[in-house]
Structures are given as C-alpha cells and as structure tokens.
2 protein chains.
Amino acid sequence: MSDVLELIFSRRSVRKYLDKTVSREILTDLLQAGMAAPSACNNQPWEFVAVDDPAVMQELRSNLSHGPYNAPAAIAVLYNDKIGNNPRCNSFWEQDLSAAVENILIAAAGFGLGSVWLGTHPKVDTILKVQRILKIPQQVVPLAILYVGYPETMPEPNTKYNPARVHWNQY
Amino acid sequence: MSDVLELIFSRRSVRKYLDKTVSREILTDLLQAGMAAPSACNNQPWEFVAVDDPAVMQELRSNLSHGPYNAPAAIAVLYNDKIGNNPRCNSFWEQDLSAAVENILIAAAGFGLGSVWLGTHPKVDTILKVQRILKIPQQVVPLAILYVGYPETMPEPNTKYNPARVHWNQY
C-alpha cells in the first residue's frame with residue numbers, strides 16, 4: 001500500500017483524547033491545510049474559528065449533544081456569503097468547505113492527531129448553538145466543528161471500500 | 001514543512017495531461033481513497049462511475065463546457081438516497097461526497113497524477129448532461145466529475161492561507 005493511501009486510511013474518528021494541548025503552531029498548520037482546498041471558481045468562501053481556550057471547549061462539550069468528547073481544541077469551519085472571490089459560485093459553498101474540512105482531518109492524521117467531524121449545517125438548532133457559543137454573526141453559517149487532539153488510542157487504518165459501489169464507464 | 005502539508009499543497013488543478021493512460025489498478029486505489037472518507041452516521045451514500053473508455057471521455061469533453069481538458073480518465077461521484085447505511089443522515093450527503101472527492105484528489109496528488117474537480121450539482125443542466133452520458137438514473141445525482149491523468153506539467157505546491165480568515169476562540 002502506498003504512503004498516501006496509508007495516510008488517508010489512518011484518518012479515523014477519535015472520541016477519546018489525551019490531556020495534552022495542541023499548539024497554535026499546529027492548529028495554524030491545520031488551517032493552512034484547510035485553505036489549500038480547491039473551491040469552485042477559486043471562491044474560497046470560508047472562515048474559521050480555532051478554539052483552544054478550555055472554557056470555550058467546555059461550552060461546546062456541554063451544549064452539543066453529539067460533541068461531549070474531551071478534545072483540547074477544535075476548528076469551526078464557516079461559510080460567509082460576503083467574502084468569496086467569486087460570489088457567482090457561492091452555490092458550491094458546501095462542497096468547498098467540506099473539501100477544506102477533509103484537508104484538515106487528513107493533515108491532523110499526518111501529525112499524529114485524532115479528530116472527529118461534528119456535523120452542524122443543515123441542523124438549525126446546532127447551527128444556532130454554535131453561533132451563540134463562538135459569537136458568530138447570524139449570516140455566517142457553521143458547516144461543521146472539528147475536534148482535534150492527541151488520541152488516547154489511534155484506531156487502525158481502514159478503508160470502507162465496497163466494489164459494489166463502483167461502475168465502469170457507465171452506470 | 002511537513003510531508004503531509006507538502007502533499008496537501010501539491011494538490012493543484014491540472015488542465016493539460018500527457019497522452020498516457022491511468023491503470024485500473026490506480027483508479028481502484030483512488031476509489032479506495034474516496035470510500036475511506038468520513039460520512040455522517042457512517043452513511044456512505046455514495047456511488048462512483050470510473051471512466052477510462054476514450055469514447056466516453058470524448059463525450060464528456062465535448063458536452064461539458066467546463067471540462068474540455070484532455071484527461072484520459074475520470075471519476076464521477078454520485079449520491080443515491082436509497083443506498084446509505086443511515087438514511088436519517090442523508091441531509092449531509094453533499095458533505096459526505098465532497099470529503100470523498102477531496103480524498104480522491106489528494107490520493108491522485110500522492111500518485112503523481114494531476115486532477116481537476118468539475119462542479120456538477122447544483123447546476124441542473126450539467127447534472128442532466130452527465131446523467132445522459134454515463135447512463136445514470138434520474139434519481140442518482142452526480143455531485144462532481146473528477147478528471148485524472150498524468151500532468152503535462154505539475155503546478156507548484158501552494159496554500160492559499162489567509163490569516164484574516166482565522167478567528168481565535170470567538171468570531
């Protein structure tokens with residue numbers, strides 16, 4: 001198996017973390033990975049809130065029913081329809097931001113960090129909670145929150161490859 | 001710069017390809033990377049059409065105004081609302097499939113392949129063309145087509161990091 005597949009297969013959801021902080025240098029590396037994602041028409045309609053304040057992490061943990069995990073840090077990935085280079089391509093925003101998310105998760109795996117993707121959009125109640133906790137304006141939409149940290153144990157690399165989902169040359 | 005950032009930064013859009021086929025073994029590796037993506041509730045609501053028939057590639061090239069490029073192969077990434085493990089999480093399908101797309105593009109970069117992401121959903125006219133060419137049923141939605149091939153020249157690695165897009169702990 002090639003190195004790149006090994007890396008991609010090593011990105012697994014982690015829900016138990018060591019009590020060890022993630023440096024701002026590493027969080028910034030993860031943000032660099034995110035912003036290296038492709039976007040439709042090079043629109044880049046994304047913003048990020050990086051969280052490493054224990055009190056804010058505790059707020060997320062106690063308010064998000066799908067995010068009680070003890071990660072020391074998080075990155076919220078946000079859509080702002082006013083900041084893109086090419087607003088005519090805004091309808092691809094969910095794809096653009098999801099590519100940025102996946103880049104961050106793969107970079108985290110490459111750094112030996114665990115991560116878990118907490119879905120936010122299109123669940124309105126979750127969007128409102130995240131906006132309130134991170135003081136995000138109403139018109140800026142959190143797509144997802146990514147918890148990151150050093151894993152208590154790293155799950156085994158895995159692909160969920162299913163040949164029945166592959167068609168060749170026509171469906 | 002770490003290896004993983006170098007890899008992620010090396011994923012650039014390529015629009016000129018060598019006249020050299022991509023093996024089914026490598027295309028299958030790319031599909032393995034795609035299906036290793038995370039999905040909400042592990043739903044995995046994706047299917048793929050891998051294209052390596054020159055006649056089908058020519059059909060795509062001549063019908064898609066944003067895809068005239070001479071790639072020898074392509075992967076269409078499709079949403080089928082009937083095949084997921086957890087249809088209650090179908091509303092996250094666009095994010096799930098975009099993560100699979102980004103995994104494929106990063107794996108391609110790792111193999112020394114170029115790629116370009118051709119947006120399809122939510123452009124109805126493009127969806128209909130892709131469904132017709134690849135004989136995709138009406139209820140199965142192509143999110144995107146990814147062209148892949150050996151690049152004529154590989155663009156320089158790049159991040160589009162913009163510190164103005166980062167907020168710490170609150171927006």
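Attention in this report is confined to the structure presented alongside it.

Reading guide: rules and limits
- Residues numbered from 1 in each chain as written.
- Chains lettered and ligands numbered in written order.
- Predicted model: local features only at pLDDT ≥ 70, side-chain atom pairs only at ≥ 80, totals over all residues.
- Heavy atoms only, no water.
- Pairing = 2+ DSSP bridges.
- Helix = DSSP H or I, 4+ residues; strand = E, 2+ residues; numbered from the N terminus.
- Axes fitted to C-alpha atoms, helices over the stretch in contact; angles between N-to-C directions.
- Salt bridge = Lys/Arg side-chain N within 4 Å of Asp/Glu carboxyl O.
- Buried < 20%, exposed > 50% of the residue type's maximum accessible area, 1.4 Å probe, protein only.
- Contact = heavy atoms within 4.5 Å.
- Buried area = accessible area lost by both parts, 1.4 Å probe.

### Some thoughts on the sheet that holds strand β4 (residues 140–149) of chain A
- The strand order across the open sheet built from 5 strands is β3(A)-β4(A)-β2(A)-β1(A)-β5(B), with neighbouring strands paired in mixed fashion. Strand pairing shows two members of the sheet lacking a second neighbour, β3 (114–119) of chain A together with β5 (166–168) of chain B, which therefore form its edges. Strand-to-strand twist in this sheet, taken as the mean axis angle between neighbours without regard to direction, amounts to 20°.
- Bridging between β3(A) and β4(A) involves 6 bridges; their strand directions are antiparallel. Note on β4(A): the bridge partner recorded for A:Gly114 is A:Gly149.

### Brief notes about the pattern of salt bridges
Residues and elements named next belong to chain A.
- In total, this model carries 6 salt bridges over all chains according to the counting rule given.
- Among the salt bridges present, the one from Arg11 reaches Glu102, with a minimum N-O distance of 3.9 Å. Note that Arg11 is positioned in the loop between α1 (3–9) and α2 (24–35) and Glu102 in helix α4 (residues 93–110), a separation of 91 residues in sequence. Each member of the pair, Arg11 as well as Glu102, is classed as buried.
- For Asp52, the salt bridge is made with Arg24, and the minimal N-O distance between the two is 2.8 Å. Highlighted residues: Asp52 in the loop between β1 (46–51) and α3 (54–63) and Arg24 in helix α2, separated in sequence by 28 residues.
- Assessed through its relative accessible area of 23%, Asp52 is described here as partly exposed.
- With relative accessibility at 41%, the residue Arg24 sits in the partly exposed group.

### Focus on the interface of chain A and chain B
- Each partner contributes to the interface: chain A provides 70 residues, whereas chain B provides 70 residues.
- Each partner contributes to the roughly 6200 Å² buried at the junction of chain A and chain B, and carbon and sulfur atoms together form 60% of this total.
- Contact with chain B buries surface across chain A, with A:Arg165, A:Asn169 and A:Tyr171 losing the most and accounting together for 14% of the total.
- Applying the counting criterion to the chain A and chain B interface returns 0 salt bridges.
- Ranked by residue count, the leading element in the side of chain A that touches chain B is α4(A), at 10 residues.
- The sheet contact formed by β1(A) and β5(B) spans 3 bridges and is parallel. Bridge pairing in β5(B) places A:Phe48 opposite B:Val166.

### Here's the deal with the pairing of β1(A)
Residues and elements named next belong to chain A.
- With 6 of 6 residues buried, β1 lies mostly within the body of the structure.
- Because side chains alternate across β1, one face comprises the buried residues Trp46, Phe48 and Ala50, and the other comprises Glu47, Val49 and Val51, equally buried.
- Two elements, β1 and strand β2 (residues 73–80), share 6 bridges in a ladder whose sense is antiparallel. Opposite Phe48, over in β2, you have Val77 as the bridge partner.

### Topic: the pairing of strand β4 (residues 140–149) of chain B
Residue and element names in this part refer to chain B.
- Burial of β4 is extensive: 10 of the 10 residues sit out of reach of the surface.
- Across 8 bridges, strand β2 (residues 73–80) lies against β4 in antiparallel orientation. Looking at β4, one finds that Ala74 is bridged to Tyr147.

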